[in-house]
2 protein chains.
Amino acid sequence: MSTLLLSYQDLQQLVRRVGIDRFMDELIERLTSALSAFDPEETEIPLRAGFHYERPVTGLIEWMPLLKRQDSVLMKVVGYHPNSPLTLQMPTILSVFSKYDPATGHLEAVVDGTFMTAVRTGAASAVASRVLAKSGSRRLGLIGCGAQAVTQLHALSRTFEFEKVLIHDSDPTAMQSFPARVAAFVDRRTGVHEASLERVVGESDILCVATSIGIGEGPVFGELPRLPWLHVNAVGSDFPGKVELPVTLLRESLVCADTLEQARKEGECQQLVPDEIGPDLVELVRGHERYASFRDQPTVFDSTGWALQDHVALELMLGYAAEYALGSTIQIESMTRDPKDPYEFLDAADETASRLGTAS
Amino acid sequence: MSTLLLSYQDLQQLVRRVGIDRFMDELIERLTSALSAFDPEETEIPLRAGFHYERPVTGLIEWMPLLKRQDSVLMKVVGYHPNSPLTLQMPTILSVFSKYDPATGHLEAVVDGTFMTAVRTGAASAVASRVLAKSGSRRLGLIGCGAQAVTQLHALSRTFEFEKVLIHDSDPTAMQSFPARVAAFVDRRTGVHEASLERVVGESDILCVATSIGIGEGPVFGELPRLPWLHVNAVGSDFPGKVELPVTLLRESLVCADTLEQARKEGECQQLVPDEIGPDLVELVRGHERYASFRDQPTVFDSTGWALQDHVALELMLGYAAEYALGSTIQIESMTRDPKDPYEFLDAADETASRLGTAS
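Calculation notes
- Residues numbered from 1 in each chain as written.
- Chains lettered and ligands numbered in written order.
- Predicted model: local features only at pLDDT ≥ 70, side-chain atom pairs only at ≥ 80, totals over all residues.
- Heavy atoms only, no water.
- Contact = heavy atoms within 4.5 Å.
- Buried area = accessible area lost by both parts, 1.4 Å probe.
- Salt bridge = Lys/Arg side-chain N within 4 Å of Asp/Glu carboxyl O.
- Polar contact = N/O pair within 3.5 Å; in protein donor to acceptor, adjacent residues only side chain to side chain.
- Helix = DSSP H or I, 4+ residues; strand = E, 2+ residues; numbered from the N terminus.
- Nonpolar A, V, L, I, M, F, W, Y, C, P; charged D, E, K, R; others polar.
- Expected span 1.5 Å × (residues − 1).
- Buried < 20%, exposed > 50% of the residue type's maximum accessible area, 1.4 Å probe, protein only.
- Least-squares fit on C-alpha atoms with pLDDT ≥ 70 in both.
- 1 Å grid on protein atoms, 1.4 Å probe; cavity = no way out; pocket = protein on both sides within 12 Å on 5 of 7 lines; lining within 4 Å.
- Points joined across faces, edges and corners; volume = space filled by probe spheres on them.
- Pairing = 2+ DSSP bridges.
- Axes fitted to C-alpha atoms, helices over the stretch in contact; angles between N-to-C directions.

### Topic: the interface of chain B and chain A
Right, so step 1: Listed by partner, the interface residues are 94 residues for chain B and 94 residues for chain A.
Right, so step 2: Summing both sides of the interface, chain B and chain A together bury roughly 8300 Å²; the carbon and sulfur share of this comes to 65%.
Right, so step 3: For the pair chain B and chain A, the interface holds two salt bridges.
Right, so step 4: Arg55(B) is the salt-bridge partner of Glu42(A), the closest N and O atoms lying 3.0 Å from each other.
Right, so step 5: Our count for the contact surface shared by chain B and chain A stands at 22 residue pairs in polar contact (both at pLDDT 80 or more).
Right, so step 6: Take the side of chain B that touches chain A: its biggest share by element is eight residues, from helix H1 (residues 8–18) of chain B.
Right, so step 7: For the side of chain B that touches chain A, the residue count by class is 52 nonpolar, 22 polar and 20 charged.

### Examining the environment of Val127(A)
Right, so step 1: Its place among the elements puts Val127(A) in helix H4 (residues 114–132).
Right, so step 2: Not counting chain neighbours up to four residues away, the residues in contact with Val127(A) comprise Ile28(A), Leu31(A), Thr32(A), Leu35(A), Leu281(A) and Val285(A).

### A short note on helix H4 (residues 114–132) of chain B
Right, so step 1: With 19 residues, H4(B) should reach 27 Å at 1.5 Å per residue; the first-to-last C-alpha distance of 28 Å fits that figure.
Right, so step 2: Taken across its 19 residues, H4(B) has 18 buried, putting it largely inside the fold.

### Describing the relation of the copies chain B and chain A
Two copies of a chain can be linked by a rotation about an axis combined with a shift along that same axis.
Right, so step 1: The transformation that overlays chain B on chain A combines an axial shift of 0.0 Å with a rotation of 180°, and the residual RMSD is 0.0 Å. What the superposition gives is, in effect, a two-fold axis relating one chain to the other.
Right, so step 2: With an isologous cut-off of 70% or more, the 100% of interface residues of chain B that recur at the interface of chain A puts this contact in the isologous class.

### Considerations on empty space enclosed by the protein
Right, so step 1: Per the stated rule, a full pass over the model turns up one cavity of 30 Å³ or more.
Right, so step 2: Reported here for the largest cavity is a volume of approximately 40 Å³.
Right, so step 3: Taken together, Met75(A), Val77(A), Ser98(A), Tyr100(A), Met75(B), Val77(B), Ser98(B) and Tyr100(B) make up the full set of residues lining the largest cavity.
Right, so step 4: When residues of the lining of the largest cavity are traced back to their parent elements, those giving at least two are strand S5 (72–80) and strand S6 (93–100) of chain A together with strand S5 (72–80) and strand S6 (93–100) of chain B.

### Points about the sheet that holds strand S13 (residues 254–257) of chain A
Residues and elements named next belong to chain A.
Right, so step 1: The seven strands are arranged S10-S9-S8-S11-S12-S14-S13 in an open sheet whose pairing can be described as parallel. Every interior strand has two partners, whereas the edge strands, strand S10 (191–194) and S13, have only one. In this sheet, adjacent strand axes meet at a mean angle of 20° when their direction is disregarded.
Right, so step 2: Two elements, strand S9 (residues 164–168) and S10, share four bridges in a ladder whose sense is parallel. Looking at S10, one finds that Lys164 is bridged to Gly191.
Right, so step 3: H4 rests against strand S11 (206–209), strand S12 (231–234), S13 and strand S14 (299–302) of the sheet, and its axis sits at about 160° to S12.
Right, so step 4: Against the sheet, helix H5 (residues 147–157) touches strand S8 (139–143), S9, S11 and S12, its axis set at about 165° to S8.

All we've got here are geometric facts, nothing functional implied.
What follows is the structure, encoded as structure tokens:
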């Protein structure tokens with residue numbers, strides 16, 4: 001029984017061959033379908049749990065499991081270490097996906113989750129915005145110009161035709177480097193403009209907020225004028241005590257959480273009582289015709305990150321890996337011919353051939 | 001940042017070079033030291049959680065996380081599928097260990113956990129038996145002759161000199177194949193004898209119970225005469241409703257749980273109230289001089305499996321892998337040079353060289 005490994009280089013080749021736009025488009029469509037078809041009897045997604053610590057550095061390592069019966073168990077492990085970019089030139093978020101066979105417990109695949117976490121978070125905002133944002137939205141605002149802003153802009157630019165992108169970050173270097181990071185998917189006619197918080201909030205049809213604001217230090221902005229149909233994708237709030245949006249904005253808006261229980265614990269919904277919270281993402285997608293009436297009203301998508309999104313992204317990537325025959329295989333588990341003898345493999349014939357095969 | 005992989009073949013080479021007896025001896029010593037030094041401020045071990053299902057087959061997949069600050073995060077994923085040996089000729093237990101760096105979230109190593117789960121469970125019984133079993137115990141009883149019985153016998157035979165091993169299994173073929181499976185570490189003068197439940201329980205100084213009895217179908221034996229100093233290692237009880245020992249035996253014995261909260265939920269301690277439960281394994285090892293007074297009295301080690309044991313086994317194996325320069329490395333995470341750009345790696349120079357390096 002072998003385990004498929006996709007290396008960094010495999011992932012690089014795969015995404016280059018598929019094309020990042022096609023990957024994003026298919027992810028958005030598949031996520032929409034998966035949300036529409038979601039059946040909690042068949043797909044079990046417990047709340048994520050994790051280690052949160054201040055030593056050796058401030059950070060957390062969380063695990064996000066998912067069971068899809070008759071199909072797979074996904075174990076996503078994700079690290080969030082906000083000082084990594086500054087102190088180590090490493091990403092804030094690092095993640096690996098492991099996929100298991102629920103019929104045997106066998107580890108079927110180990111794949112990078114860092115890239116897919118970034119992309120699926122963008123895709124989720126596109127799914128929510130397609131239902132809730134004003135039709136023909138032309139102005140996108142981004143507060144926080146880090147890694148998440150890149151995939152937010154990418155995903156939304158596959159769904160809307162923006163004429164103007166307004167950006168704001170408390171770190172001027174993040175703003176300055178942003179246009180180069182998104183040049184591949186921003187039309188040359190679309191300007192990317194640095195702007196004050198007031199302008200970004202006040203002029204946007206759609207606003208994405210993805211900052212590293214500290215626990216207890218939010219919201220990122222206060223009472224500011226905004227367009228009556230503003231749709232906000234609130235991405236950064238993902239920890240108890242961390243919020244980005246003013247509660248007044250939330251109370252005036254239809255608030256959709258990606259997954260309710262987690263959003264109430266870690267998302268913007270921490271600031272609300274249950275009566276103030278609208279549909280979750282599954283309900284939103286299923287009732288998209290009904291919820292389209294909110295396109296002219298203020299709406300918020302409270303995005304805390306859900307393992308269903310990761311599952312969809314992983315399956316899409318594994319499909320491409322099979323199509324392009326990329327990846328390596330390795331036998332990790334000490335599978336013995338005699339299941340009653342854990343030492344039997346020590347007597348098995350030597351296998352001195354190359355330890356790694358190709359996936360094709 | 002690379003990830004170390006130990007393949008099945010690497011593990012085979014490593015254990016052959018080290019020798020299974022030396023591996024077991026060092027594991028028992030290191031486990032004793034780790035228990036003695038255990039500091040819950042430095043090592044955080046949440047209760048395991050998991051998916052338990054009846055479809056597609058009866059089984060469970062659990063995750064057992066451990067954080068050792070300044071050192072590592074261990075994520076053990078373990079599958080338990082009791083029908084696998086019969087229907088698929090695969091082991092009941094399959095497991096993989098993943099090790100992460102708590103400073104960054106980086107995946108440092110992926111290693112088989114199946115072999116180490118079996119071995120560390122034996123080692124834990126040896127640690128407990130060394131404190132609690134009668135000095136100079138000569139007769140070992142084994143109820144259940146599956147994979148767990150092999151490592152129980154191995155570990156205990158490194159700690160005691162047995163003159164006689166009595167075995168019992170409800171499946172005659174398991175009994176018949178057992179002597180061949182343990183021939184490497186049973187002295188030729190020591191006989192391995194099939195016996196009735198009555199004889200195994202009645203004649204043993206140390207008894208290990210490791211069966212696949214169903215939930216609600218225990219105990220495995222009832223009121224039977226036994227030696228007044230009988231020490232039992234109760235290994236099979238690891239699920240709510242699954243117990244192997246009669247409550248009368250437990251009530252007459254000093255009961256030591258590997259980890260109390262889990263044993264009360266899943267182990268033999270389900271049958272007891274807190275006042276009836278003795279020290280946990282950490283306390284037992286620290287107070288071994290005090291608890292030695294119980295060697296002439298009935299005692300039980302309630303072994304449900306604890307991530308600390310896995311951590312010790314993994315570190316021991318990784319140390320050998322470094323010493324013998326075995327293993328492969330792979331870069332899994334899409335680590336970008338620019339932590340604010342999740343797509344940056346797509347533009348990085350091609351790396352067409354072999355994707356896998358050696359660990360040396």
